[in-house]
Amino acid sequence: SPISTPEKKWHVLGLGQAMVDFSGMVDDAFVERLGLEKGKRKVINHEERGRVLGAMDGCSYKAAAGGSLSNTLVALARLGPSFNVAMAGSVGSDPLGGFYRSKLSRANVEFLSAPVRDGMTGTVIVLTTPDAQRTMLAYQGTSARINYDLCLANWISQTSILVVEGYLFEFPNTIEAIALACKQARRCGALVAIAASDVGCIQRHYHDFWDIILNYSDILFANGDEARALCQKDGPASAARYLSRFVPLVSVTDGPEGSYVGMKGGEAVYIPPSPCVPVDTCGAGDAYASGILYGLLRGGRDNSDVERMGRFASKVAATVVSQRGTRLTIGDASELAEAFRL
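Residues numbered from 1 in each chain as written. Predicted model: local features only at pLDDT ≥ 70, side-chain atom pairs only at ≥ 80, totals over all residues. Heavy atoms only, no water.

A. Representation of the packing of helix α9 (residues 224-231) against helix α10 (residues 236-243). It is the contact of α9 with α10, at a shortest axis distance of 9 Å, that shows an interaxial angle of 55°. Relative to α10, the element α9 lies oblique. In this structure, the crossing between α9 and α10 has a hand that is left-handed. Contacts between α9 and α10 involve Ala227, Leu230 and Cys231 on the former and, on the latter, Ala239, Tyr242 and Leu243. The residue makeup of the contact of α9 with α10, split by class, is six nonpolar, no polar and no charged. (Axes fitted to C-alpha atoms, helices over the stretch in contact; angles between N-to-C directions. Helix = DSSP H or I, 4+ residues; strand = E, 2+ residues; numbered from the N terminus. Parallel < 35°, antiparallel > 145°, perpendicular 65-115°, else oblique. Left-handed = near helix turned anticlockwise from the far one by under 90°. Contact = heavy atoms within 4.5 Å. Nonpolar A, V, L, I, M, F, W, Y, C, P; charged D, E, K, R; others polar.)

Right, here's the structure in full:
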């Protein structure tokens, strides 16, 4: 049976970066004209963003409410339409901020935070060349501002699971806000989940990650590289076992090799990969996390449910990998949820 939340409004509340993604197909000459290094990620300023978007006029590109955390939250909302799923973060008062909010709302995820007055919403421009390499240009805008205030404290007090996106550790003055948010979650009896997000971010903020993990984390999502960066253990199985000494539930994904779910006390269960024909691996880890969260909300609270949750999460990830794009479709989500109930 699901977690009972008669007094709580949100089953899951995500705290993360709110970024609008612009994704387009371009040729090598386009990347060269802009003086960009193909296949790399670069942080750009407002003027550079305008220059690149202006150059993309006439190109075919799509805009979406992006971000790793939003992928997970949308997938969860589609797997469990009866769940109340929300996100807090920071968008500007510009049209892109309204676009982000409305896109999530249509996907049954409520974006709770008010727009930052005169702020500019963060964006990521993803330029894909014919050789399938992605050149990413990130404009942080207001997305780097996370403030702990009475509104956020109140939302957290009404949720069952708080999910914190690891990218937030990257920005000045956000660590204190993350710690206060996690402390409030613990005070109100909510579970705290940390998504590791990025190896470089972990390496640069190693002690901050461990401070939050040791003091507040109930759930940890990581891929093999991120887990290795956290604990310097070779192999995802060893990393999952090590991390589960400190966190009650740990998932470590290892791409086509499968995944491991660690349980409190240093145990780890191997989850074989679900069969699929890979089309686009982007978003696989986000989808896997949604499967674990879905299992928890459906009542998976002890070790006997861990393997079932892991296998379900693997199926969700394989479904997303088998298609273009990072979002779990409504139809696929419905079929997966029905299979989980059987």
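And the narrative resumes.
B. Layout of unusual backbone geometry. Positive phi, close to 70°, is recorded for asparagine 108, a residue that is not glycine. Backbone geometry at aspartate 118 places phi at a positive 65°, although glycine is not the residue there. Mapped onto the secondary structure, aspartate 118 falls in the loop between β6 (109-111) and β7 (122-128). Judged by its relative accessible area of 66%, aspartate 118 falls in the exposed class. (Buried < 20%, exposed > 50% of the residue type's maximum accessible area, 1.4 Å probe, protein only.)

C. Just the sheet that holds strand β1 (residues 10-15), in detail. One open sheet accounts for nine strands, arranged β6-β5-β1-β9-β10-β11-β12-β13-β14; its pairing is mixed. Either end of the sheet is taken by a strand with one partner, and the two such strands are β6 and β14 (267-271). Going across the sheet, the axis of each strand differs from the next one's by a mean of 20°, ignoring polarity. Across three bridges, the pairing between strand β10 (residues 191-195) and strand β11 (residues 219-223) is parallel. For isoleucine 194, the partnering residue across the bridge sits in β11 and is leucine 220. (Pairing = 2+ DSSP bridges.)

D. A look at the sheet that holds β7. Pairing is mixed across the open sheet formed by five strands, whose spatial order is β3-β8-β7-β2-β4. Each edge of the open sheet is held by one strand with a lone partner, namely β3 (41-43) and β4 (61-66). Pairs of neighbouring strands in the sheet enclose a mean axial angle of 20°, with direction left out of account. In this structure, strand β2 (residues 19-25) lies alongside β4, joined through six bridges in antiparallel fashion. Across the sheet, residue serine 23 finds its bridge partner in β4, namely lysine 62. In the packing of helix α4 (residues 95-106) onto the sheet, contacts are made with β2, β4 and β7, and the angle to β4 comes to roughly 70°.

E. Highlighting the confidence of the model for the chain. With 96% of its residues at a pLDDT of at least 70, the chain reaches an overall mean of 89. When the criterion is pLDDT under 50, residues 1-6 qualifies, and its contacts beyond four places in sequence or with other chains add up to 12 contacts. (pLDDT = per-residue confidence, 0-100.)

F. Region of the structure containing the nonpolar core. Grouped together as the largest cluster of nonpolar side chains are 66 residues, with contacts concentrated most on Met87, Tyr100, Ile125 and Ile161. With eight residues, helix α11 (residues 284-297) is the single largest residue contributor to this core. In this view, isoleucine 125 contacts Phe22, Ile44, Arg49, Val52, Leu53, Met56, Thr135, Met136 and Leu137; residues no more than four positions away in its chain are not counted. (Core = buried A, V, L, I, M, F, W, Y, C linked by side-chain atoms within 4.5 Å.)

G. Summary view of the packing of helix α3 (residues 68-79) against α11. Remark: α3 packs on α11, axes separated minimally by 8 Å, with the N-to-C direction vectors making an angle of 45°. Of the possible angle classes, the one that applies to α3 and α11 is oblique. With respect to the hand of their crossing, α3 and α11 are arranged in right-handed fashion. Touching Ser68, Asn71, Thr72, Ala75, Leu76 and Leu79 of α3 are Asp286, Ala289, Ser290, Leu293, Tyr294 and Leu297, all from α11.

H. Structural view of the environment of glutamate 110. You can see glutamate 110 is positioned in strand β6. On a C-alpha basis, the gap between glutamate 110 and methionine 87 in space is 6.2 Å, while along the polypeptide they are 23 residues apart. Those residues in contact with glutamate 110 that sit more than four places away from it in its chain are Trp10, Val85, Ala86 and Met87.

I. Structural context of the environment of glutamate 37. Looking at the element boundaries, glutamate 37 is found in the loop between α1 (28-33) and β3. Separated by 98 residues in sequence, glutamate 37 and threonine 135 place their C-alpha atoms 7.4 Å apart.

J. View of the side chain of threonine 135. Summarising the element assignment, threonine 135 is placed in strand β8 (residues 134-139). Judged by its relative accessible area of 2%, threonine 135 is buried. Separated by 2.9 Å, the side chain of threonine 135 and the backbone nitrogen of glycine 39 make a polar contact. Discounting residues that sit within four places of it in the chain, threonine 135 has contacts with Leu36, Glu37, Lys38, Gly39, Lys40, Ile125, Val126 and Leu127. (Polar contact = N/O pair within 3.5 Å; in protein donor to acceptor, adjacent residues only side chain to side chain.)

K. Up close: the pairing of strand β13 (residues 259-263). With five of its five residues buried, β13 lies for the most part within the structure. On β13, burial covers both faces: Ser259, Val261 and Met263 on one face and Tyr260 and Gly262 on the other are all buried. Across five bridges, the pairing between strand β12 (residues 249-253) and β13 is antiparallel. Paired with leucine 249 across the strands is methionine 263, a residue of β13.

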